[in-house]
Amino acid sequence: MSGKITYVTLFADPSIHPKYESALDEVQKELGGVHEMYIGGKPARAERTFKKSSPIDTGLVLGEFQRGGRSAALEAIKAARAAFGSWSRTDYKERAHIIKKAADKIEEDRFRLAAIITLEAGKNRMEAIAEVYEAIEAMRYYSDVIVKEEGYTRKMATVAPGEEPFSVAKPYGVWGVISPFNFPLMLGNGMMHAALLAGNTAVWKPSSDTPWTALEAYSLYEEAGLPPGVLNLVTGPGEEFEEPFALFADGVAFTGSRNVGMSLYRRLASSSPYPKPIVLEMGSKNPVIVSAKADLDKAVEGVVRAAFGASGQKCSAASRVYIANEIRDEFVRRLVERTRSITVGDPREREVFMGPVINQRAVDNFERYTSDARSLGKVLTGGNRVSRLERGFYVEPTIVDGLPEDHYLFKKELFLPFLVLGSFSSLDEALLKANDTEYGLTAGVFSEDEKEVARFMEGIEFGVVYANRKGGATTGAWPSSQSFVGWKASGATGKGVGGPYYLLTYLREQSRTYVR
Ligand code: NAD
């Protein structure tokens with residue numbers, strides 16, 4: 001399949017199941033292998049390694065990965081710097097051609113990559129396959145954008161006789177790219193290849209929960225003909241990369257939690273001798289407003305998908321719902337009933353909707369939050385670890401009601417299948433409550449009244465907003481369709497991933513004037 005991909009084309013095809021299942025069988029034969037890093041086009045080892053097991057079943061050891069740190073980061077930056085001169089001078093059309101070739105390679109290997117994502121991140125097959133296609137779509141979209149924008153070179157106005165001025169976009173140099181566990185392909189790959197398309201070189205440090213997917217992607221870029229050193233892949237504990245990236249890279253692109261993002265931001269400001277660009281995509285606390293004029297079928301389905309898809313571990317996950325008093329009882333009854341029908345289990349099985357959370361720390365957090373919720377509110381459904389699946393990190397989709405709306409569970413990003421319910425008597429009140437957060441990534445409304453929807457769109461202070469989205473009240477942005485942009489504590493650039501301005505975050509302007 002090539003050309004435009006959408007969720008609809010993706011999931012209408014039943015042949016994906018046997019293909020995914022046979023890829024999963026193949027990948028499972030490779031479990032336990034030793035993986036290297038890649039620096040300057042060559043495999044590289046650190047002094048120590050770490051083992052990574054699957055959140056599906058901790059008995060499944062996925063592999064042994066290099067525990068790189070400062071010295072790996074420095075070597076990789078050096079290799080990326082050596083490759084920068086020739087890559088930055090490579091015509092943007094040629095760079096786009098190579099990225100598209102890498103997209104084709106990823107498409108050929110899509111089921112293998114999806115199987116690895118399931119094993120590493122615990123996503124069900126549909127989420128995993130969708131993520132691979134999302135990554136492919138971003139690569140093709142950005143490649144088309146840079147060609148359409150003619151590399152962002154513009155002829156400017158001549159205001160003095162004989163002058164011929166241009167605005168030219170130039171890359172910065174070497175970018176450190178740091179990515180989270182929850183979209184192990186899409187997010188690291190998205191930041192990294194956008195930087196490359198713009199003519200930068202990169203050092204990618206994926207999450208230690210999901211290094212395998214990134215290593216697979218690396219080898220596909222290599223097969224696509226990316227010159228050595230343009231992309232370098234290092235693995236190891238994140239904190240060891242903060243200082244070398246801040247000091248020695250020319251820019252840092254980060255997707256992950258707010259605390260880590262802000263720590264990088266401060267480090268760049270305090271350690272670097274001059275301002276360096278930083279791309280930050282961080283967490284959120286995403287609200288949904290369900291009005292008295294909502295279609296409750298759409299609202300229930302949209303909220304359940306957004307709150308519990310990928311076990312609530314999406315930066316776009318819905319985590320608080322404000323419900324109009326008039327329909328509150330009916331909506332809550334249906335929401336709880338629908339949530340109880342969710343299948344939790346081994347995400348390798350076709351019928352499973354919700355797999356595990358990522359690690360023991362996430363389970364511990366879940367247990368702490370549910371215990372705190374019980375002390376002031378009521379757990380309407382869920383609230384427990386799934387005891388029949390004790391070898392993995394499984395928890396129940398959980399809905400909590402009756403908490404004060406200024407409780408920390410309404411404010412803090414939990415990154416779990418955990419939803420709190422609030423209420424309102426007017427749309428303006430709902431908007432005030434929805435906006436009462438330091439975050440600003442995604443938000444949704446359900447109302448069949450166009451005036452209410454218009455009021456929501458005008459008043460909501462979030463970057464990615466949806467009305468009446470049954471497929472996901474706040475989730476499911478797709479490159480080229482929904483720019484994915486975090487406001488306030490959710491992001492730093494104001495330019496969305498998968499949108500028309502994203503590549504500009506990796507470019508700096510040079511004003512050139514020729515006098516003829
Ligand atoms: P995390 O912040 O714990 O880790 C992200 C990455 O940072 C990992 O590679 C980690 O090794 C690295 N890291 C950790 N400490 C570091 C340090 N001191 N210096 C440099 N790097 C460091 O996040 P996570 O748990 O992997 O992912 C979940 C978080 O990511 C959530 O907050 C979620 O909302 C956010 N997220 C945001 C978006 C978005 O687009 N806004 C998308 C996905 C995830």
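This text gives an overview of the structure that appears in the document. (Residues numbered from 1 in each chain as written. Predicted model: local features only at pLDDT ≥ 70, side-chain atom pairs only at ≥ 80, totals over all residues. Heavy atoms only, no water.)

Ranked by internal contacts, the top residues of the largest apolar core, which has 150 residues, are Val290, Phe331, Phe418 and Tyr506. Ranked by the residues each element gives to this core, the list is headed by helix H6 (residues 125–148), at 13 residues. Residue contacts for phenylalanine 331: discarding those within four places in its chain leaves Val290, Leu296, Ala299, Val300, Val303, Val321 and Ile323. (Core = buried A, V, L, I, M, F, W, Y, C linked by side-chain atoms within 4.5 Å. Buried < 20%, exposed > 50% of the residue type's maximum accessible area, 1.4 Å probe, protein only. Helix = DSSP H or I, 4+ residues; strand = E, 2+ residues; numbered from the N terminus. Contact = heavy atoms within 4.5 Å.)

This part is about the sheet that holds strand E20 (residues 507–515). Spatially, 3 strands are ordered E6-E7-E20 in an open sheet, and the strand pairing comes out antiparallel. At either margin of the open sheet sits one strand with a lone partner, and together these are strand E6 (154–155) and E20. (Pairing = 2+ DSSP bridges.)

Our focus in this paragraph is the sheet that holds strand E14 (residues 318–324). Neighbouring strands of a sheet are bound in pairs by backbone hydrogen bonds; such pairs are parallel or else antiparallel. Here 7 strands make up an open sheet; going across it, the order is E15-E16-E17-E14-E13-E18-E19 and the pairing mixed. On the outer flanks of this sheet lie strand E15 (378–381) and strand E19 (464–467), each paired with one strand and no other. Geometrically, the sheet is characterised by an average inter-axis angle of 25 degrees between neighbouring strands, direction not taken into account. Contacting strand E13 (286–290), strand E18 (442–446) and E19, helix H16 (residues 450–459) crosses the sheet at an angle of about 175 degrees to E19. (Axes fitted to C-alpha atoms, helices over the stretch in contact; angles between N-to-C directions.)

Attention now moves to the site of the ligand. Around the ligand, a shell composed of 25 residues is seen, among which Ser179, Lys205, Ser257, Met282 and Glu413 lie nearest. Here methionine 282 contributes a backbone N or O atom positioned 2.7 Å from a nitrogen atom of the ligand. When the free accessible area of the ligand is taken as 850 Å², the share hidden by the protein chains comes to 89%. Counting residues per element, the ones that place at least two in the shell around the ligand are helix H9 (239–248) and strand E11 (251–255). Class assignment of the residues belonging to the shell around the ligand gives a composition of 12 nonpolar, 8 polar and 5 charged. (Near = heavy atom within 4 Å. Polar contact = N/O pair within 3.5 Å; in protein donor to acceptor, adjacent residues only side chain to side chain. Areas by Shrake-Rupley, 256 points an atom, 1.4 Å probe, with all protein chains shown as cover. Nonpolar A, V, L, I, M, F, W, Y, C, P; charged D, E, K, R; others polar.)

Before going further, it helps to examine H9. Considered for burial, the residues of H9 that qualify are Phe241, Glu242, Pro244, Phe245 and Ala246. Those residues of H9 that are buried are in contact with helix H3 (70–89), strand E8 (174–178), strand E9 (201–205), E11 and helix H10 (258–271).

Moving on, we come to the packing of helix H2 (residues 16–28) against helix H5 (residues 110–121). Taken N-terminus to C-terminus, the directions of H2 and H5 make an angle of 65 degrees; their axes are 8 Å apart at the nearest point. When the axis of H2 is compared with that of H5, the two are roughly perpendicular. Viewed along their axes, H2 and H5 form a crossing whose handedness is right-handed. Facing H2, whose interface residues are Ile16, Lys19, Tyr20, Ala23, Leu24, Val27 and Gln28, H5 presents Phe111, Arg112, Ala114, Ala115, Ile116, Thr118 and Leu119. Among the residues making up the contact of H2 with H5, the classes are represented as 10 nonpolar, 2 polar and 2 charged. (Parallel < 35°, antiparallel > 145°, perpendicular 65-115°, else oblique. Left-handed = near helix turned anticlockwise from the far one by under 90°.)

Now for the packing of aromatic side chains. Tallying each qualifying case throughout the model produces 14 aromatic pairs. Ring geometry for phenylalanine 366 and phenylalanine 418: centres 6.5 Å apart, planes at 85 degrees, overall edge-to-face. Of this pair, phenylalanine 366 sits in helix H13 (residues 360–376) while phenylalanine 418 sits in strand E17 (residues 418–424); the two residues are 52 residues apart in sequence, bridging distant segments of the chain. Comparing phenylalanine 366 with phenylalanine 418, the two get one shared label, buried. Here the aromatic rings of tyrosine 502 and tyrosine 506 are separated by 5.4 Å at their centres, their planes lie at 75 degrees, and the arrangement is edge-to-face. Assigned by exposure class, tyrosine 502 and tyrosine 506 land together as buried. (Phe/Tyr/Trp six-rings, centres within 6.5 Å; stacked < 30°, edge-to-face > 60°.)

Moving on, we get to the side chain of threonine 474. Topologically, threonine 474 is positioned in the loop between E19 and E20. Sequence-distant contacts of threonine 474, defined by excluding residues within four places in its chain, comprise Asn286, Pro287, Val288, Ala306, Ser316, Ala317, Ala318, Thr442, Ala443, Gly444 and Tyr466.

This brings us to the pairing of E18. Here is the key point about a regular strand: its side chains alternate between the two faces of the sheet. Counting buried residues along E18, 5 of its 5 residues qualify, which places the element largely inside the surrounding structure. Judged by which residues are buried, E18 turns out to be covered on both faces: Thr442, Gly444 and Phe446 on one side and Ala443 and Val445 on the other are all buried. Of the strand pairs in this sheet, E13 and E18 are connected by 3 bridges, and their pairing is parallel. Looking at the pairing, valine 288 lines up with glycine 444 of E18. Note that the unit made of E18, H16 and E19 has a crossover that is right-handed. (Right-handed = clockwise from strand over helix to strand, strands pointing away.)

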